[in-house]
Amino acid sequence: MIHDLAYWRERLQNGQAELHAAFDTVADTARLLKQHVRLVDELLRDLWRQAELPPSLALCAVGGYGRGELFPHSDVDLLILLPDDHDAAFDRQLEPLIRAFWDIGLAVGHSVRSLQECMDEAAQDITVLTSLLEARPITGSRALLKTMQSQLRRNFDAATFVRDKIAEQNARHAKFNDTAYNLEPNLKEGPGGLRDLQNILWISHATGLGNSWNALAENGLITRGEARQIRRQELFMQMLRARLHYLAKRREDRLLFDFQNELAAQLGYVATSKKRASEQMMQHFYRSAKFIRLMNEILLQALQEQVLPHHPATPVNARFQMRDGLLEARAPNLLQQHPDAIFEAFLLLEQHPELNGFSAEILRDLWRMKSRINHAFRMDANNRRLFMQIMRQPRGVTATLRRMNRYGILGRYIPAFGRIEGQMQHDLFHVYTVDEHILNVLRNLRRFAVPQFAHEFPFCSQLIAGFDKPELLYLAALFHDIAKGRDGDHSTLGMADARRFCKLHDLPKEDAALVAWLVGHHLTLSLTAQKSDLSDPAVIENFARIVKTEHRLTALYLLTVADIRGTSPAIWNGWKARLLENLFQLAQKWLRGHPVSAAAEFAERQKQAAELLAQDAIKPETYRPLWSKFGRGYFLRHEAHEIAWHTRSLLFNTHPEKPVVRARLGSAGDGIQVMIYIHDRENLFACICSFFERAGFNIVEARIHTTRHDYALDSFLVLDEENNALHYKELLNDIERDLTKKLESAKVPPPPMNGRISRQLKHFPMKPSVTLEPEKNNNHQLSIIAGDRPGLLSRIAQTLMRHDAQLHTAKINTLGNRAEDTFLISGAKGEKLSAEAVAALKEELLKEL
């Protein structure tokens, strides 16, 4: 029985406080981990003795605690080992002890097993087997633990263990999308994290090649210098993890935004004009993770070659051969003697789908040879030719460039790419580092060209199938964000980098011009589609004049879709897809010599809508009076199917006393379309915004129209944040009913919501931007860029209302935690806003944001 729990709790807390204070004084992570283990060991031994348990039992440390590494808030993993002939009385004796562990503040992860149960579990679960192999005695029967481990070794199959541990690692990496370059990476489990280092030592120990970096060096798997490098990076990761635990005051292994600033300050990073302190720290982390992942790949490959059976090699060409799915050099020191063989090796991986990767020797040589990729290497005509061959292959381009990046080759060959490796992007919508985003964009472009993925983006797959030089798109993807973080516009600077690269690689002038143009204009299509009024023929003409040719238009469209898809899995939606495709088709029509005038478009929209209404046997004389109230601007801003829908809804309700609200699923599966028809009033937009925000809907587009008889005919496209896809019929009815009630009762919009902002925005706030540019017809285009948060649109709407600004259209573009909203506004009665009114509006908007 454990007595005086308060004493044990205080003893543990005092010991941990002393360790924390010592670490704050001298940040010796290795010492901290060992002393924490010693503290807990001594405590557990004393508690075990007080519990007076039978000497035939064994208390063992497993997991990180078993390895002698216990982080400040990590679980204390224990195995209570029982002899096979134990009885139920043992369980009754153990329950109070385990309860006491928790009561005094130990976060215990425990298992109670007999010898045979350990054997059975180890045979079924590689994680259990790994844990038992490194079990360490704390107290109790050491003989029992030795018996268990000798039985494990007797049944141990090294080859199976190696295969299973590698498969386990691959599955773990897949949970993190096989990348360490998320903005909130996991120090322990993510690719390039501490678990990757542990996996090397688990396998090397199990195969008899040592359980330390020095032992691996002694066995010739790495050099002494590489052993020291690995240990330095391991200590850096361990130090980050220990500090993270202390900052979070809990077990936290993710480098969350909440802790990055304070962690960087603790480590002495100082902000510069170009980079936050936290960005410098995170770049250090990403480069460490990259090195760890490379060492993991090299050493696991070498360990497999030591343990797994070999088959005879098959020649590939004069310099290379393949064995067991891996590319090998046919002569030692091939890459040192012939550096041009570096790109040849990557090219062979693309050309031979039966190859799964490089041998350990080639991997090691690539790592050691990367410094030879210098100016002379880049100037070599054969190397330039080989690189372009790599870019032109029909398969494997993405995988090859990812390998080149992982091994440090890509950043050496394209120095501008090397500068953005591991560079964070705190723009609130990219969720990857710059280099990882670039490779994601390249992957998306390649995916368009693979027939088995044609169902994902059919239009893109159709376009790229007819694009004769897709490598130009891949080059544009490589360079489109390569100048991020430099002084100046990254598109312009990247265009200059792309132009130099193309010239160096002897691309024809027209191809080089296309690549450079795509880099310089890679944002043009998305900005036009998401911020401009596509019903305005002048907008289409201006965009088409920038593009100039249909070939450029196709290339820009493909790059834009791939780029948006590569920022974050959450950014893309049906609304963005429809906008981009609409702009593409309108510009294509203009470039083919069929520009649409406003008058022709007005007539065409009416004709198409009339055809749709005729299908329902609705005669023109029935709806012509209603259409006469709408005005020409309405027909230019709405598509034919929307005009027909509105007409059916209002056909016999032209002058309603109560609001008319109708909702339906978007025609392209891009959200919910909502039509509001009501006597116009100044606070209407603010009231509608408030309703949707409080109901959990995200407004992505609003078209505001006032009819000739002073009715508001407003159209909204909203996304359902709760994803009630299975209950859309009820959802649409709810919108119609609840919004009608809201508009009937609300004379003044309620105050904007004050909800919780995202963690990223909280810790990395962005300075809002407000611009007001004069447009034709007395209008101004209001552009707002700000961190997104609950109530943002209501704040904007109510500010416009207070300044008597009349709203005509709104495009609400939310990119992750970043809002980029565009509004077309004028004075209250359509007059032009004065310079004083513009200044006052801008000033208040900046205050509100």
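Figured I'd write up the structure that's included with this text. Note that the coordinates shown come from a computational prediction; the quantities given were computed from them, not determined experimentally. (Residues numbered from 1 in each chain as written. Predicted model: local features only at pLDDT ≥ 70, side-chain atom pairs only at ≥ 80, totals over all residues. Heavy atoms only, no water.)

**Notes on the overall build of the protein**
Thought 1: Within the protein, the regular secondary structure consists of 39 helices and 16 strands.
Thought 2: Dimensions along the principal axes, computed over C-alpha positions, put the protein at roughly 100 × 75 × 55 Å.
Thought 3: Taking all 849 residues of the protein together, 56% fall into the buried category.
Thought 4: The long-range fraction of contacts in the protein, counting pairs at least 24 apart against all pairs at least 6 apart in sequence, stands at 71%.
Thought 5: For the protein, the exposed surface amounts to about 36500 Å²; the carbon and sulfur share of it is 50%. (Helix = DSSP H or I, 4+ residues; strand = E, 2+ residues; numbered from the N terminus. Buried < 20%, exposed > 50% of the residue type's maximum accessible area, 1.4 Å probe, protein only. Contact = heavy atoms within 4.5 Å. Areas by Shrake-Rupley, 256 points an atom, 1.4 Å probe, with all protein chains shown as cover.)

**Examining the environment of Phe 459**
Thought 1: Tracing the sequence through the fold places Phe 459 in helix H23 (residues 458–465).
Thought 2: Overall, Phe 459 belongs to the buried group, its relative accessible area being 19%.

**A closer look at the sheet that holds strand S4 (residues 136–140)**
Thought 1: Within the open sheet, the four strands sit side by side as S3-S2-S1-S4. Their pairing is mixed. If you trace the sheet from one side to the other, it starts and ends with strand S3 (108–114) and S4, each paired once. Adjacent strand axes in the sheet meet at a mean angle of 25°, parallel and antiparallel pairs treated alike.
Thought 2: Across seven bridges, the pairing between strand S2 (residues 76–82) and S3 is parallel. Bridge assignment links Leu 79 to a residue of S3, and that residue is Ser 111. (Pairing = 2+ DSSP bridges. Axes fitted to C-alpha atoms, helices over the stretch in contact; angles between N-to-C directions.)

**Section: the sheet that holds strand S6 (residues 320–323)**
By way of backbone hydrogen bonds, the strands of a sheet pair with one another, either parallel or antiparallel.
Thought 1: Across the sheet, four strands lie side by side as S5-S6-S7-S8; this open sheet has mixed pairing. Lying at the two open borders of the sheet, with one neighbouring strand each, are strand S5 (314–315) and strand S8 (357–358).
Thought 2: Pairing of strand S7 (residues 326–329) with S8, which is carried by two bridges, proceeds in the parallel orientation. The partner of Leu 327 across the bridge, within S8, is Phe 358.

**Observations concerning the side chain of Gln 423**
Thought 1: Mapped onto the elements of the fold, Gln 423 is located in the loop between helix H21 (415–419) and helix H22 (434–448).
Thought 2: For Gln 423, the residues in contact, after removing those within four places along its chain, are Lys 275, Gln 283, Thr 433, Val 434, Asp 435, Lys 484 and Gly 485.

**Observations regarding the packing of aromatic side chains**
Thought 1: Tallying each qualifying case throughout the model produces 31 aromatic pairs.
Thought 2: Measuring from ring centre to ring centre gives 4.9 Å for Phe 343 and Tyr 413, while their planes differ by 85°; the resulting arrangement is edge-to-face. One end of the pair, Phe 343, is in helix H15 (residues 341–351); the other, Tyr 413, is in helix H20 (residues 409–413), and 70 residues separate them in sequence. The two residues Phe 343 and Tyr 413 agree in class, both being buried.
Thought 3: Where Phe 346 meets Phe 358, the ring centres are 5.2 Å apart and the plane angle is 85°; that geometry is what we call edge-to-face. In this pair, Phe 346 sits in helix H15 while Phe 358 sits in strand S8, placing the two residues twelve residues apart along the sequence.
Thought 4: Residue Phe 346 is classed as buried on the basis of its relative accessible area of 0%.
Thought 5: In this structure Phe 358 comes out as buried when scored by relative accessible area, which is 2%.
Thought 6: The structure contains a cluster of three or more aromatic residues connected by ring pairs, namely Phe 343, Phe 377, Phe 387, Tyr 413, Phe 479 and Phe 501.
Thought 7: Directly above the ring of Phe 453 sits Arg 447, whose terminal nitrogen or CZ lies 3.7 Å from the centroid. (Phe/Tyr/Trp six-rings, centres within 6.5 Å; stacked < 30°, edge-to-face > 60°. Lys NZ or Arg CZ within 6 Å of the ring centre and 35° of its normal.)

**Focus: the pairing of strand S13 (residues 769–774)**
Thought 1: Bridge count for S13 against strand S14 (residues 780–787) is six bridges, and the pairing is antiparallel. Bridging across to S14, Pro 774 finds its partner in His 780.
Thought 2: As consecutive antiparallel partners, S13 and S14 are separated by five residues, and within that stretch Asn 777 has a phi angle of approximately 60°, a positive value.

**Some words on helix H34 (residues 640–650)**
Thought 1: A large share of H34 lies buried, amounting to nine of its eleven residues.
Thought 2: For H34, every residue scored as buried is listed here: Ala 640, Glu 642, Ile 643, Ala 644, Trp 645, His 646, Thr 647, Ser 649 and Leu 650.

**As for unusual backbone geometry**
Peptide bonds are, in most cases, trans, and in most cases residues other than glycine have a negative phi.
Thought 1: The backbone phi angle of Asp 710 is positive, close to 65°, even though this residue is not glycine.
Thought 2: Relative to the helices and strands, Asp 710 is located in the loop between strand S11 (697–703) and strand S12 (711–720).
Thought 3: Phi at Asp 804 is positive, roughly 55°, even though this residue is not glycine.
Thought 4: Relative to the elements of secondary structure, Asp 804 occurs in the loop between helix H38 (792–802) and strand S15 (805–815).

**Let's talk about the nonpolar core**
Thought 1: Core analysis: the biggest nonpolar cluster contains 207 residues, and Met 148, Phe 343 and Phe 387 have the highest contact counts within it.
Thought 2: With 15 residues, the single largest contributor to this core is helix H13 (residues 277–307).
Thought 3: Sequence-distant contacts of Met 148, that is, excluding residues within four places in its chain, are made with Leu 79, Leu 81, Leu 115, Cys 118, Met 119, Leu 132 and Ala 135.
Thought 4: Membership of the second largest hydrophobic core comes to 48 residues, among which are Ile 676, Phe 691, Val 718 and Leu 743. (Core = buried A, V, L, I, M, F, W, Y, C linked by side-chain atoms within 4.5 Å.)

**Re the side chain of Gln 238**
Thought 1: As for its position among the elements, Gln 238 is in helix H11 (residues 224–248).
Thought 2: A polar contact of 3.4 Å, which involves the side chain of Gln 238, links it to the side chain of Glu 69.
Thought 3: Residues within four places of Gln 238 in sequence aside, it is in contact with Thr 29, Leu 33, Glu 69, Phe 71, Leu 194 and Arg 231. (Polar contact = N/O pair within 3.5 Å; in protein donor to acceptor, adjacent residues only side chain to side chain.)

**Topic: the packing of H38 against helix H39 (residues 835–848)**
Thought 1: It is at 10 Å that the axes of H38 and H39 come closest, and there the two elements cross at 150°. Regarding the angle of H38 to H39, the classification is roughly antiparallel. Crossing of H38 against H39: the hand is right-handed. For the pair formed by H38 and H39, the contact residues are Arg 795, Ile 796, Thr 799, Leu 800 and Arg 802 on the first element and Leu 841, Glu 844, Leu 845 and Glu 848 on the second. (Parallel < 35°, antiparallel > 145°, perpendicular 65-115°, else oblique. Left-handed = near helix turned anticlockwise from the far one by under 90°.)

**As for the packing of helix H32 (residues 620–630) against H34**
How two helices pack is summed up by the angle between their axes together with the distance between the axes.
Thought 1: In the contact formed by H32 and H34, the axes pass within 11 Å of each other and the chain directions differ by 115°. Between H32 and H34 lies a crossing of right-handed hand. Of H34, the residues touching H32 (which contributes Tyr 623, Leu 626, Trp 627 and Phe 630) are Ile 643, Thr 647 and Leu 650.
Thought 2: Classifying every residue of the contact of H32 with H34 by side-chain character gives six nonpolar, one polar and no charged. (Nonpolar A, V, L, I, M, F, W, Y, C, P; charged D, E, K, R; others polar.)

**What about the environment of Ala 6?**
Thought 1: With respect to the helices, strands and loops of the structure, Ala 6 is situated in helix H1 (residues 5–25).
Thought 2: Separated by 98 residues in sequence, Ala 6 and Ile 104 place their C-alpha atoms 7.2 Å apart.

**Re H13**
An α-helical turn contains 3.6 residues, so any two residues separated by three or four positions project in the same direction.
Thought 1: End to end, H13 covers 45 Å across 31 residues, agreeing with the expected 45 Å (1.5 Å per residue, within 8%).
Thought 2: Counting buried positions over the 31 residues of H13 gives 24, a clear majority of the element. (Expected span 1.5 Å × (residues − 1).)

**Describing the pattern of salt bridges**
Thought 1: This structure, assessed with the given rule, holds 45 salt bridges.
Thought 2: Here Glu 69 and Arg 67 are joined by a salt bridge, their closest N and O atoms 3.9 Å apart.
Thought 3: With a relative accessible area of 28%, Arg 67 lands in the partly exposed category.
Thought 4: Residue Glu 218 pairs with Arg 224 through a salt bridge whose shortest N-O separation is 3.8 Å.
Thought 5: You can call Glu 218 exposed: its relative accessible area is 59%.
Thought 6: Through salt bridges with shared partners, one network takes in Arg 172, Lys 188, Glu 189, Arg 195 and Asp 196. (Salt bridge = Lys/Arg side-chain N within 4 Å of Asp/Glu carboxyl O.)

**A closer look at the pairing of S11**
Thought 1: The buried fraction of S11 amounts to six of the seven residues, a majority that puts the element mostly inside the structure.
Thought 2: Pairing of S11 with S12 involves six bridges; the strand directions are antiparallel. Bridging from a neighbouring strand, Phe 697 pairs with Asp 720 of S12.

**Looking at the state of the cysteines**
Here a disulfide denotes a covalent bond joining the sulfur atom of one cysteine to the sulfur atom of another.
Thought 1: This model, assessed by the stated rule, comprises zero disulfides.
Thought 2: Take Cys 118: it sits in no disulfide, and the sulfur closest to it among the cysteines is that of Cys 60, at 8.3 Å.
Thought 3: There is no disulfide at Cys 687, and the cysteine sulfur nearest it, in Cys 689, is 9.4 Å away. (Disulfide = S-S within 2.5 Å.)

**Considerations on a negative patch on the surface**
Thought 1: Taken together, the side chains of Asp 84, Asp 85, Asp 87, Asp 91, Glu 95, Glu 117, Asp 120, Glu 121 and Asp 125 present a region of like negative charge at the surface.
Thought 2: Where the negative patch is concerned, the elements lending two or more residues are helix H4 (88–103) and helix H5 (115–124).
Thought 3: Among the elements that make up the negative patch, the one with the highest residue count is H5 (three residues).
Thought 4: Asp 120 gets classed as partly exposed once you look at its relative accessible area, which sits at 39%. (Patch = residues over 30% accessible without salt bridge, like charges linked within 9 Å, V, L, I, M, F, W, Y side chains within 5 Å. Lys, Arg positive; Asp, Glu negative; His and termini not counted. Charge placed at Lys NZ, Arg CZ, Asp CG, Glu CD.)

The values are spatial; any link to function lies outside them.
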